[in-house]
Amino acid sequence: MSVKNNRLSPSEYAQNFADIHPPFENAEAAAIEANRCLYCYDAPCMKSCPTSIDVPKFIRQIASENLKGSAHTILSANIMGAGCSKVCPVEKLCEGACVYNLMHEEPINIAKLQRYSTGKAMEHNWQLFERKPSIGKRVAIVGAGPAGLSCAHVLSREGIDVTIFEKESKGGGLMTYGIAAYKVTPEFCESEVNYITSIGGIDIRYNQELGKNFSLQTLQSEYDAVYLGFGVGLARKLDIPGEDLDGVVDAISFIYDLRSNDFSAIRVGDRVAVIGMGMTAIDAATQAKRLGAKEVTLIYRRTQDEMPCTEHELNIAKLDGCKIIWLASPIEVLGLEGMVSHLVCDIMQLGAPDASGRRSPVSSGQTFTLEVDMVIKAAGQMPYEHLVDSYQLYNHKGKVEVNDHSSTNLKGVFAGGDCVNGGKEVVDAVQAGKDGAAAILAYL
Amino acid sequence: MADISSNFLGIKSPNPFWLASAPPTDKKINVIRAYEAGWGGVVWKTLGSQIKNVSSRYSSVNYGGKRMMGFNNIELISDRPLEINLREIYEVVSMYPDRAMIVSLMADNDRNSWHELIQKCEDAGAMGFELNFGCPHGMTERGMGAAVGQDPEIAKMVVEWVMEKANIPVITKLTPNVHSVVPTARASVEGGTNALSLINTIQSVTGVNLDTLVPNPFVAGKSVFGGYCGPAVKPIALKMLTTIAQDPLTSRVPISGIGGVSTWKDAVEFMLLGSTTVQVCTAAMAHGFRIIEDMCEGLNNWMDEKGYKTTNDFIGKSVEKITHWEDLDINYHHIAHINQDKCIHCGLCFITCEDTSHQSIHIERGHPYNTYTVKDEECVGCNLCQLVCPVEDCITMEVHRVAPEYINWKEWQQRGLPLNDH
Ligand SMILES: Cc1cc2nc3c(=O)[nH]c(=O)nc-3n(C[C@H](O)[C@H](O)[C@H](O)COP(=O)(O)OP(=O)(O)OC[C@H]3O[C@@H](n4cnc5c(N)ncnc54)[C@H](O)[C@@H]3O)c2cc1C
Ligand SMILES: Cc1cc2nc3c(=O)[nH]c(=O)nc-3n(C[C@H](O)[C@H](O)[C@H](O)COP(=O)(O)O)c2cc1C
Ligand code: SF4
Ligand code: SF4
């Protein structure tokens, strides 16, 4: 048993991390699917998209061969429409609400159609938006993730000069550093950021970290308004003995490394345990498997009924050959010479419903032990509580508090995305960025 | 098992489905393939004077992702030497004596040419003739095809020339490019034709290429009006057929129905409205001859289900069901009903009624699904919602008669009953 890199050949890596969402082969194929859409009124799919993309309209525009119009319909509601079409958990959003489900037929492949038009827009670099002349107002945005970029684009369209401060060397936020590599490639993320900023009026300053290279006060004094879109940080600690052993890693860092380096450089164990059953846990498990781990086991305290990931995501993990142990909660990581050797878990039972309405797991008093050499922690992410506290931003356990108009307790400081909601989806962050921009425009 | 065979003026065929005079019946190889596939008969591609075709020859209209909803051609009559056609007809008839062999004719506009052509075709074994008074392009400029069909006098004269000579049944094929097919049909019957067939193609422009700005089909940067056919023309063909089937004079002769027949259902509709046999062109050109299998099986199953033993049991049964507007029963009223268990909440009934009809559907907004119900007092029973609903039997029209007795427009007026009340 060992944790090591370079387990596969280059072609195996390439195959394992190929795009799981192949595009339509050609215009005919897209047209056939587009023509299946019923063009619903007050469409359930649109109402189930957090950014309210006019789905029937953009699909009809594919059918009528008005691809520019289609891309404009999508991107005017969601500037990350291309990325969203690759990463949205559509079965619980637009496609989950498509009326075809009620006929027990396959829903319209909305995301694939969305990929089709937005892909063409990016490929041909169609300039679908025109920036109004500068009105001489300046807004600072912290974080070049989906929330920050979406806010920046709306503001720039309205003639505002935007400066984004980003701590990493690339834009896109978790899109670039967090989401599974088989959903989006680094090249795609980079071109999406470039496409968004090609409207002009958006200056991204990389390697600039709030709290390290500059302070919130500086931004407040130098800009007319500030938007915070810095997301959430590392994975929640397990607070169990053995957590510091070599071989226990945090899912976010594991994925960050995998997204920023060559796959062959990433170390992974023979037998890996992943703690949690959210999107991050699934992504960590499937990618550990795709990096060549022999056995990957997902461990979750509750049952499938309570799991936070979607069934579709769970199936990806299952198809990748990941094992799942329901109703198990880790209580100790055992080591041998400083390296992980075993994981001890409590066997749980479902008790009374908790605050979230889900039945809470309680220990049965029995345990079992798994032989593992790597433990990936993916039991939720921790907001930047310290940073937020240090600027006297009202917050709830580190999640920035905002009013209905995206406004924080500090004058001229707005916030949105994961740093406010504690971690949802890209599409929610994009909507938050739009809301923030609308609030800022009203404020200026 | 029902008997689906057909007897058209003594011309027998194992089923009532013939291939219309067009490329599918243009030569021996096609016709043999058609017979092997099971077609009951053919109307051989029109024979006549020497011509020359151009390319391209076809264009089509696609709709909602479906190809060839409408089909258009600028082809002329047979462009092969007459002798070859006659020899092949002879060969095919000897190989398949049980199938109908009708030969379509369009001779030059003089008695002698017609007589000569008729003689040659009868010698070749033709079982019947179809006079092409319908081709809407190319031939009209030379006083043939539709030019004959559009003028009842000329049509009658040509039919008379033909009847002087022909010893086998003669069908006159009507052009739809007239305000009514009835005058030419009557003239032809007066001239002695034994039967009628309709429709030939409808003059059309299928579209304009938005890059070259040249309409379709493209011939060296130019186009011409073509003849339209295929599923798109079926409703027009059925209407024209009905006028012939209802006219006291023209209804005396048998009819071969043509225009947009693609399935056994289409064929049955033509037969219910008075066709003894049905001819097909576009559907075969779009899918190949194999469509005949389902046409025969579908017809057979339908007849068995309805208890019809032969096609004569139902031919023409719907003709009298089409009446005059002023004879319709004004007291008949029906109202749409939405079955909530079947509704998928697409909202199409609501938006179409609200925008373009009578604002008769109530909407209760929900997330993500709205609930739609019919406002009974507002519904005029127009059917629009039922037509746009994508779910079978979700919207039904329920009868709520205004009064039990039948009353038509004339009586309504005489009694001074209210007008413009909706
Ligand atoms: C493993 C994983 C998988 C996921 N998979 C999906 C998925 O499949 N589909 C989906 O829709 N969503 C997914 N998500 C969630 C999604 O990525 C986030 O909801 C979304 O990226 C949030 O956008 P954001 O702009 O609010 O924050 P982020 O994307 O986190 O962007 C914040 C940006 O701020 C920068 N930043 C942070 N601190 C500072 C600072 N102090 N100074 C300057 N810059 C700073 C960060 O570097 C980052 O670029 C996933 C998340 C994770 C962790
Ligand atoms: C390419 C083509 C060529 C045709 N040529 C003839 C012809 O030579 N003589 C004729 O009477 N009708 C001709 N027609 C008309 C067909 O016989 C038929 O009346 C018409 O296509 C309507 O039937 P459909 O809808 O099944 O195609 C032609 C039609 C097509 C498409
Ligand atoms: S952005 Fe996401 S949720 Fe919205 S329509 Fe597109 S794929 Fe669906
Ligand atoms: S619900 Fe489905 S069918 Fe209706 S508009 Fe949306 S994608 Fe089209």
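What you see is a predicted model, and the numbers here were worked out from it, not measured in a lab.

Student: Please explain the sheet that holds strand β6 (residues 271-275) of chain A as it appears in this structure.
Tutor: Two pairing modes exist for strands in a sheet, parallel and antiparallel, and in both the strands are linked by backbone hydrogen bonds. Residues and elements named next belong to chain A. One open sheet accounts for 5 strands, arranged β5-β12-β6-β7-β8; its pairing is parallel. In this open sheet, the two strands that pair with only one neighbour each are β5 (248-250) and β8 (323-325). Between one strand and the next, the sheet's axes are offset by a mean angle of 25°, whatever the strand orientation. Strand direction decides the pairing type here: β6 and strand β7 (residues 295-299), joined by 5 bridges, are parallel. Note that in β7 the partner of R271 across the bridge is E295.

Student: Looking at this structure, how should I read the site of ligand 1?
Tutor: Residues and elements named next belong to chain A. The full set close to ligand 1 counts 34 residues, and V87, E166, L174, L210 and D418 are the nearest of them. L174 is positioned such that a nitrogen or oxygen atom in its backbone is 2.8 Å from an oxygen atom of ligand 1. Burial of ligand 1 by the protein chains amounts to 97% of its free accessible area of 990 Å². At the level of secondary structure, the elements contributing two or more residues to the shell around ligand 1 comprise α9 (146-157), α13 (251-260), α14 (279-290) and α18 (426-443). Among the elements that take part in the shell around ligand 1, α14 stands out by supplying 3 residues, more than any other. Along the lines of polarity and charge, the residues of the shell around ligand 1 split into 15 nonpolar, 10 polar and 9 charged. Counting contributing residues per domain, the shell around ligand 1 is built from domain 2 (138-232 + 383-443) and domain 3 (235-380), each supplying no fewer than three.

Student: Explanation requested: the nonpolar core in the structure shown.
Tutor: The tendency in soluble globular proteins is for nonpolar side chains to be buried side by side. Core analysis: the largest hydrophobic core is formed by 97 residues, its most contacted members being F58, I59, L113, I141, L155 and I164 of chain A. The element that contributes the greatest number of residues to this core is α18 of chain A, accounting for 8 residues. Beyond its immediate stretch of four places on either side in the chain, L113 of chain A contacts F24, A30, E33, A34, F58, I59, I62 and I108 of chain A. The next biggest cluster of nonpolar side chains, apart from the first, holds 93 residues, and it includes A2, V92, V280 and I292 of chain B.

Student: Could you clarify how one ought to interpret the domain arrangement of chain A in this entry?
Tutor: For an interface, size is often stated in terms of accessible area lost upon the parts coming together. Residue and element names in this part refer to chain A. According to the domain assignment, chain A contains domain 1 (21-123), domain 2 (138-232 + 383-443) and domain 3 (235-380). Centre-to-centre, using C-alpha coordinates, domain 1 lies 26 Å away from domain 2. With 21 residues of domain 1 in contact, the opposing surface of domain 2 contributes 21 residues. The junction of domain 1 with domain 2 conceals about 1,800 Å² of combined surface from both sides, 74% of it contributed by carbon and sulfur atoms. When the buried surface of domain 1 facing domain 2 is broken down by residue, I79, M80 and M122 rank first, second and third, together holding 37% of it. On inspection of domain 1 and its partner domain 2, the count reaches 1 salt bridge. Residue K92 pairs with E425 through a salt bridge whose shortest N-O separation is 3.3 Å. Here domain 1 is connected to domain 2 by 4 residue pairs in polar contact (both at pLDDT 80 or more). Elements that contribute at least two residues to the side of domain 1 that touches domain 2 include exactly α5 (67-77), α6 (81-87) and α8 (110-123). Considering every element that reaches the side of domain 1 that touches domain 2, the biggest residue donor is α6, with 6 residues.

Student: Is there a simple way to explain the site of ligand 2 in this structure?
Tutor: Residues and elements named next belong to chain B. Surrounding ligand 2, one finds 23 residues, the nearest of these being S21, T46, K173, G260 and T282. Side-chain polar atom of K45 to an oxygen atom of ligand 2: 2.8 Å apart, as the coordinates give it. Its free accessible area being 610 Å², ligand 2 has 98% of it covered by the protein chains. At the level of secondary structure, the elements contributing two or more residues to the shell around ligand 2 comprise β4 (41-48) and β6 (66-73).

Student: Whenever I open this one, the domain arrangement of chain B confuses me. Can you help?
Tutor: You can read the domains of chain B as domain 1 (6-319) and domain 2 (325-414). Taken over C-alpha atoms, the centre of domain 1 of chain B sits 40 Å from the centre of domain 2 of chain B.

Student: Explanation requested: the interface of chain A and chain B in the structure shown.
Tutor: Listed by partner, the interface residues are 16 residues for chain A and 20 residues for chain B. Contact between chain A and chain B buries roughly 1,400 Å² in total, counting both sides, with carbon and sulfur atoms accounting for 59%. Looking at the side of chain A facing chain B, the largest losses of area belong to Y41, K47 and L102 of chain A, adding up to 44% of the total buried there. At the junction of chain A with chain B, the criterion picks out 2 salt bridges.

Student: Could you clarify how one ought to interpret the pairing of strand β5 (residues 58-63) of chain B in this entry?
Tutor: Side chains on a regular strand alternate between the two faces of the sheet. Summarising the sheet, β5 of chain B and β6 of chain B pair through 5 bridges and their orientation is antiparallel. Bridge pairing in β6 of chain B places Y63 of chain B opposite K66 of chain B.

Student: Just checking my understanding: could you explain the sheet that holds strand β9 (residues 328-336) of chain A for this structure?
Tutor: Residue and element names in this part refer to chain A. Spatially, 3 strands are ordered β9-β10-β11 in an open sheet, and the strand pairing comes out antiparallel. Single-partner strands in this sheet number two, and they are β9 and β11 (359-371). Averaged over all neighbouring strand pairs, the angle between strand axes comes to 20°, with direction disregarded. Relative to β11, strand β10 (residues 339-353) is paired through 9 bridges, and the arrangement is antiparallel. By the bridge assignment for β11, V344 is matched with T369.

Student: For this particular structure, what's the right way to read the packing of helix α4 (residues 55-63) of chain A against α5 of chain A?
Tutor: The axes of two packed helices give the description: the angle between them and the distance between them. All names here are of chain A. Between α4 and α5, whose axes approach to 8 Å, the crossing angle comes to 165°. For the element pair α4 / α5, the angle class is roughly antiparallel. For the pair α4 and α5, the crossing hand works out as left-handed. Seen from α4, the contacting residues are K57, F58, Q61 and I62; seen from α5, they are L67, G69, S70, T73 and I74. The residue inventory of the contact of α4 with α5, partitioned by class, reads 4 nonpolar, 4 polar and 1 charged.

Student: What's the story with the pattern of salt bridges in this structure? I'm lost.
Tutor: Two side chains bearing opposite charge may form a pair once their charged atoms approach each other closely. One pass over the full model with this rule turns up 34 salt bridges over all chains. Note that R67 of chain B and E28 of chain A form a salt bridge whose closest N and O atoms lie 3.4 Å from each other. A residue pair is termed interchain when its members come from two chains, as with R67 of chain B in strand β6 and E28 of chain A in helix α2 (residues 27-36). Judged by relative accessible area, R67 of chain B falls into the exposed class, the value being 56%. One salt bridge in this structure joins D42 of chain A and R365 of chain B, with 2.8 Å as the shortest N-O distance. A residue pair is termed interchain when its members come from two chains, as with D42 of chain A in the loop between α2 and α3 (44-47) and R365 of chain B in the loop between β16 (361-364) and β17 (371-374). Residue class for D42 of chain A comes out partly exposed when judged on its relative accessible area of 24%. Exposure remark for R365 of chain B: the relative accessible area of 52% places this residue in the exposed category. By sharing partners, the salt bridges in this structure join R7, D270 and K294 of chain A into a single network.

Student: Can you help me understand the environment of K92 of chain A in this one?
Tutor: Among the secondary structure elements, K92 of chain A is positioned in the loop between α6 and α7 (94-97). Not counting residues within four places of it along the chain, the set of residues in contact with K92 of chain A comprises P308, T310 and E425 of chain A.

Student: Just checking my understanding: could you explain unusual backbone geometry for this structure?
Tutor: With an omega dihedral of 0°, the bond running from S55 of chain B to S56 of chain B counts as a cis peptide bond. Along the polypeptide, S56 of chain B turns up in the loop between β4 and β5. Each neighbour pair has its own omega, and for N216 of chain B with P217 of chain B the value is -10°, a cis peptide bond. With respect to the secondary-structure elements, P217 of chain B resides in the loop between β11 (202-204) and β12 (226-229). The phi angle at Q392 of chain A is positive, at roughly 55°, despite the residue not being glycine.

Student: What am I meant to see in the environment of L348 of chain B here?
Tutor: Here L348 of chain B is to be found in helix α11 (residues 348-356). Residue classification places L348 of chain B among the buried residues on the basis of a relative accessible area of 12%. A C-alpha to C-alpha distance of 10.0 Å links L348 of chain B and Y372 of chain B, two positions 24 residues apart in sequence. Setting aside anything within four residues of it in sequence, one finds L348 of chain B in contact with L38, Y39 and C40 of chain A together with V388 and P390 of chain B.

Parameters at a glance
Residues numbered from 1 in each chain as written. Chains lettered and ligands numbered in written order. Predicted model: local features only at pLDDT ≥ 70, side-chain atom pairs only at ≥ 80, totals over all residues. Heavy atoms only, no water. Pairing = 2+ DSSP bridges. Helix = DSSP H or I, 4+ residues; strand = E, 2+ residues; numbered from the N terminus. Axes fitted to C-alpha atoms, helices over the stretch in contact; angles between N-to-C directions. Near = heavy atom within 4 Å. Polar contact = N/O pair within 3.5 Å; in protein donor to acceptor, adjacent residues only side chain to side chain. Areas by Shrake-Rupley, 256 points an atom, 1.4 Å probe, with all protein chains shown as cover. Nonpolar A, V, L, I, M, F, W, Y, C, P; charged D, E, K, R; others polar. Domains from an automatic or database assignment. Core = buried A, V, L, I, M, F, W, Y, C linked by side-chain atoms within 4.5 Å. Buried < 20%, exposed > 50% of the residue type's maximum accessible area, 1.4 Å probe, protein only. Contact = heavy atoms within 4.5 Å. Buried area = accessible area lost by both parts, 1.4 Å probe. Salt bridge = Lys/Arg side-chain N within 4 Å of Asp/Glu carboxyl O. Parallel < 35°, antiparallel > 145°, perpendicular 65-115°, else oblique. Left-handed = near helix turned anticlockwise from the far one by under 90°.

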